[in-house]
Amino acid sequence: MAFSRRAWLTRAAWIVVAMVALGSVFMIQGRGGERITAATRTTFATVGYQPPPPTSAGVRTGERVRLPYSTSPLWSPSAAKAPEQIATQVTWYALKVSPLPDDGRQLYLYIPRWKSDGTLAIYADGRLIHQSHANLQWNGTNQPLWIALPRSTASHPPARLDLRLQHVRGIGGAFSSVWIGDYRQLAPRYYVRDFFQVSLPAFSALAFLVTGVFALFVWFNRRAEPIYLLYFLTSAVSFLRMLHTFVGVEPLIISDAWFGWLTVDSTFWMILTLHLFGAQLHRARQPRLTAVILIVGGGWSVATLPGLLDPTLTAGPIYANMLVVGLVVSLNGIRQSLRARSRLALLLSAWCLVTVVAGVYDLTLQQNLVNIESVYLSNFTSVGFTLLFWYIMHRRYTEALEVATQAKADLARRLAQREAELTASHAKLREVERRELLHQERQRLMQDMHDGLGSTLVGALRAFEGDRAAELDAVGILRGCIDDLKLTIDSMEPVETDLLLLLATLRFRLQPRLEAAGVKLVWDAGEAPPLEWLDQRHALHILRILQEAFANILKHSGARQVTVSVRAEGDQVLVRVQDDGRGFDPALPVRGGRGLTNQLRRAEAIGGAILWEPSARGASLALVLPVSKPQRAVRAPHDA
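The following paragraphs examine the structure supplied in this document. Bear in mind the structure is a predicted one, so any value in this text is a computation, not a measurement.

1. Quick notes on the overall build of the protein
So, step 1. What the protein contains, in helices and strands, is 13 helices and 17 strands.
So, step 2. Residue pairs at least 24 apart in sequence account for 77% of intrachain contacts in the protein once pairs closer than 6 positions are excluded.

2. Topic: the pattern of salt bridges
Any two side chains of opposite charge can pair, on the condition that their charged atoms come close.
So, step 1. Going through the model one piece at a time under the given rule, you end up with 12 salt bridges.
So, step 2. Two residues, Arg41 and Glu63, come together in a salt bridge whose shortest N-O distance is 3.0 Å. Of this pair, Arg41 sits in strand 2 (residues 38-47) while Glu63 sits in strand 3 (residues 63-66), and the two are 22 residues apart along the sequence.
So, step 3. Exposure remark for Arg41: the relative accessible area of 12% places this residue in the buried category.
So, step 4. The salt bridge partner of Asp182 is Arg105, with a shortest N-O separation of 3.1 Å. One end of the pair, Asp182, is in strand 12 (residues 178-182); the other, Arg105, is in the loop between strand 4 (87-96) and strand 5 (107-111), and 77 residues separate them in sequence.
So, step 5. Given a relative accessible area of 6%, Asp182 falls into the buried group.
So, step 6. Owing to a relative accessible area of 40%, Arg105 belongs among the partly exposed residues under this scheme.

3. Digging into the sheet that holds strand 17 (residues 620-626)
So, step 1. The 5 strands are arranged 13-14-15-17-16 in an open sheet whose pairing can be described as mixed. On the outer flanks of this sheet lie strand 13 (520-525) and strand 16 (609-613), each paired with one strand and no other. Pairs of neighbouring strands in the sheet enclose a mean axial angle of 15 degrees, with direction left out of account.
So, step 2. Judged from the 7 bridges that link them, strand 15 (residues 572-579) and strand 17 form a sheet pairing that is antiparallel. Residue pairing across strands places Gln578 opposite Ser620, the latter belonging to strand 17.

4. Digging into the side chain of Ser349
So, step 1. Examined against the element boundaries, Ser349 turns out to sit in helix 8 (residues 343-366).
So, step 2. Look past the residues within four positions of Ser349 in its chain and what remains in contact with it is Ser330, Gly333, Ile334 and Ser337.

5. Focus on the sheet that holds strand 10 (residues 160-168)
So, step 1. Pairing in this open sheet of 6 strands is antiparallel, and the strands run 3-2-4-10-7-8 from one edge to the other. Since the sheet does not close on itself, it has two edges, and those belong to strand 3 and strand 8 (127-131), each with one partner. Each strand axis lies, on average, 30 degrees off the axis of its neighbour in the sheet, ignoring direction.
So, step 2. With 4 bridges joining them, strand 7 (residues 120-124) and strand 8 adopt antiparallel strand pairing. Opposite Tyr123, over in strand 8, you have Leu128 as the bridge partner.

6. Some words on the packing of helix 12 (residues 536-557) against helix 13 (residues 595-605)
So, step 1. Across the interface, helix 12 lies against helix 13 with an axial gap of 9 Å and an inter-helix angle of 155 degrees. When the axis of helix 12 is compared with that of helix 13, the two are roughly antiparallel. Judged by the sense of rotation from one axis to the other, the crossing of helix 12 with helix 13 is left-handed. On the side of helix 12, the interface is formed by Leu540, His541, Arg544, Ile545, Glu548, Ala549 and Asn552, while helix 13 contributes Gly595, Leu596, Gln599, Arg602, Ala603 and Ala605.

7. Side note on unusual backbone geometry
So, step 1. The residue after Leu67, namely Pro68, is reached through a cis peptide bond having omega 0 degrees.
So, step 2. Among the secondary structure elements, Pro68 is positioned in the loop between strand 3 and strand 4.
So, step 3. Positive phi, normally seen in glycine, also occurs at Arg283, with a value near 65 degrees.
So, step 4. Assignment of secondary structure puts Arg283 in the loop between helix 5 (256-282) and helix 6 (287-303).

8. Regarding helix 11 (residues 499-516)
So, step 1. Compared with an ideal rise of 1.5 Å per residue, which puts 18 residues at 26 Å, helix 11 spans 26 Å between its outermost C-alpha atoms and is within 8% of the ideal.
So, step 2. If you look at helix 11, its biggest bend is around 35 degrees, right at Leu510, and the proline Pro512 turns up within four residues after that.
So, step 3. Among the residues making up helix 11, those that are buried are Leu499, Leu502, Leu503, Leu506, Leu510 and Leu514.
So, step 4. Looking at the residues trailing helix 11, positive phi occurs at Gly518, about 80 degrees.

9. Re the side chain of Asp162
So, step 1. Summarising the element assignment, Asp162 is placed in strand 10.
So, step 2. A distance of 2.6 Å separates a polar atom in the side chain of Asp162 from a polar atom in the side chain of Ser56.
So, step 3. When sequence neighbours within four positions are dropped, the list of residues in contact with Asp162 reads Ser56, Trp92, Tyr93, Ala94, Ala121, Ile122 and Tyr123.

10. Structural notes on the environment of Val573
So, step 1. Tracing the sequence through the fold places Val573 in strand 15.
So, step 2. The sequence separation of Val573 and Gly608 amounts to 35 residues, and the corresponding C-alpha distance is 9.7 Å.
So, step 3. For Val573, the contacting residues outside a window of four places in its chain are Leu499, Ala528, Pro529, Leu531, Val566, Arg567, Ala568, Leu623, Val624, Leu625 and Val627.

11. A few points about the packing of aromatic side chains
Centre distance and the angle of the planes are the two values used to describe a pair of aromatic rings.
So, step 1. The final tally for this structure, using the stated rule, is 20 aromatic pairs.
So, step 2. Seen in terms of ring centroids, Phe208 and Tyr231 are 5.5 Å apart; in terms of plane orientation they differ by 85 degrees. Their pairing is edge-to-face. With Phe208 in helix 2 (residues 183-221) and Tyr231 in helix 3 (residues 227-241), this pair connects stretches of sequence that are 23 residues apart. Like Phe208, the residue Tyr231 is buried in the burial classification.
So, step 3. Feature note: the residues Tyr108, Tyr110, Trp146, Tyr183, Tyr190 and Tyr191 constitute an aromatic cluster, connected by ring pairs.
So, step 4. The lysine or arginine in question, Arg223, covers the ring of Trp219, its NZ or CZ lying 4.7 Å from the ring centre.

What counts and what doesn't
- Residues numbered from 1 in each chain as written.
- Predicted model: local features only at pLDDT ≥ 70, side-chain atom pairs only at ≥ 80, totals over all residues.
- Heavy atoms only, no water.
- Helix = DSSP H or I, 4+ residues; strand = E, 2+ residues; numbered from the N terminus.
- Contact = heavy atoms within 4.5 Å.
- Salt bridge = Lys/Arg side-chain N within 4 Å of Asp/Glu carboxyl O.
- Buried < 20%, exposed > 50% of the residue type's maximum accessible area, 1.4 Å probe, protein only.
- Pairing = 2+ DSSP bridges.
- Axes fitted to C-alpha atoms, helices over the stretch in contact; angles between N-to-C directions.
- Parallel < 35°, antiparallel > 145°, perpendicular 65-115°, else oblique.
- Left-handed = near helix turned anticlockwise from the far one by under 90°.
- Expected span 1.5 Å × (residues − 1).
- Bend = angle between axes of the 7 residues up to and from the residue.
- Polar contact = N/O pair within 3.5 Å; in protein donor to acceptor, adjacent residues only side chain to side chain.
- Phe/Tyr/Trp six-rings, centres within 6.5 Å; stacked < 30°, edge-to-face > 60°.
- Lys NZ or Arg CZ within 6 Å of the ring centre and 35° of its normal.

Shown next, in the form of structure tokens:
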């Protein structure tokens, strides 16, 4: 995919604008309220976790500190793994509240951040007013605190606040500054931080997971595209990794140890799925690097299982490994993306590198090396991953639509081109067929004129050229020529498979001639089914056969009556021509003519047959015609 410098500059400008806007949101917050930055800190060494006392009485004076206050963690391993045997520490912060105007408004206490793995108890004028549940793995690391302060017995705001933290000795106990004021003064500060620090990452992780589940169902139907499965896996491990940002205020459904294992080691799992997802984009599999990520991530996932090793021993190395592996995957992804010229893969790899940098900052925040009132940047990079994955899948979807649209357009163009070619070819074939039909019809007419009218005229010419020309019936000979010509013309009329119509035409032509010769014509035509094969060419054969039969009757039989009958028998139609003349034996050779032979040849040409049936007087000819498409052989009628 080609890169566009202008597009890159536009996106970079939008990113800068978004960062400036985000910074402005944190800077422009509510005004007013009292910010308490001075406190007295007192510590007590304890073992295990104890519930906070009902009052803060008896707390001795300690050192003066400035809030926010934090100490560098002491990563000293603890041999005891049971919660009741862990070396813990209670840290008290005593805060003096300046006199506030008593205008009747409800006052609130707002604490941006605190760090403790145990309980947080808040006392107002020595009385317990708030207590978090004990043994929280991530208590207070991310979620701001917002509680309503009760009025003192003198109907004045509390003059003193005591804050009690219990945590593992050497870890935790850090505290941010404290704000006191009414709702109008503190609500903007609290809700802005809560939205960007808790709600936005939580919503982003949940929305990412929902779309991941949708991608999983897509993968069920498209197993050949593993990118949808990787999308789901990435959304799932991203959700696990972000759990500590929005859970922990209430008791968990699993132990703190397992909760910590899930949220920490899911970072390794996300690195793996991001690497595999990027490989789907830039098409570089790199199985060796994948194996290294599996070995390192799998090894730490096993080593940090609850109950195996002390977390204080593994915390430093595991975070260092995460940063190194994440850096390697990010730089390798950028290299492969540039080589493959994949813009989407480059965006993903570059954002992975930004996340690694944010992870370095978050690690310094976790170690109290920067102001603890800061926020974890990885929360925002996680939101960026959600938006980036949506953008990647949107681009893949739109590109697939473009490809499908282009393919459809190409197919339509090819179909139109092919249709035009087929239309032209069909036109050529129709022209060739028309010429062939004209040629065949011309040949048929020429042959028929030659065999019919031509032979009749030649015979007449020879007869008149002979010695007995004066004795010939010139009128009869000319009438026969005219009949031949009319018969040829009649065969050209469309009969549309109607045999009776064809025979009616023959009757119209021959009946006057028969009556002139003193022969009575008896017409007995019944119902006859349509002959699907009957056309002009076949019609001429039928007419010629019957014409020859009538000509033989007039010339040789001396008959006074001719009967024509049409009957349908099964899949055949029988046309019988019977006379009452002298009759003849068709088995005996006939001298001086080829009429019978021509009749047989024409019947065979149309898939029919001619039968000379025995009769007590005269002769009987049966023309057998098939109803369906003519075959080479036709069986004899039942009464033959």
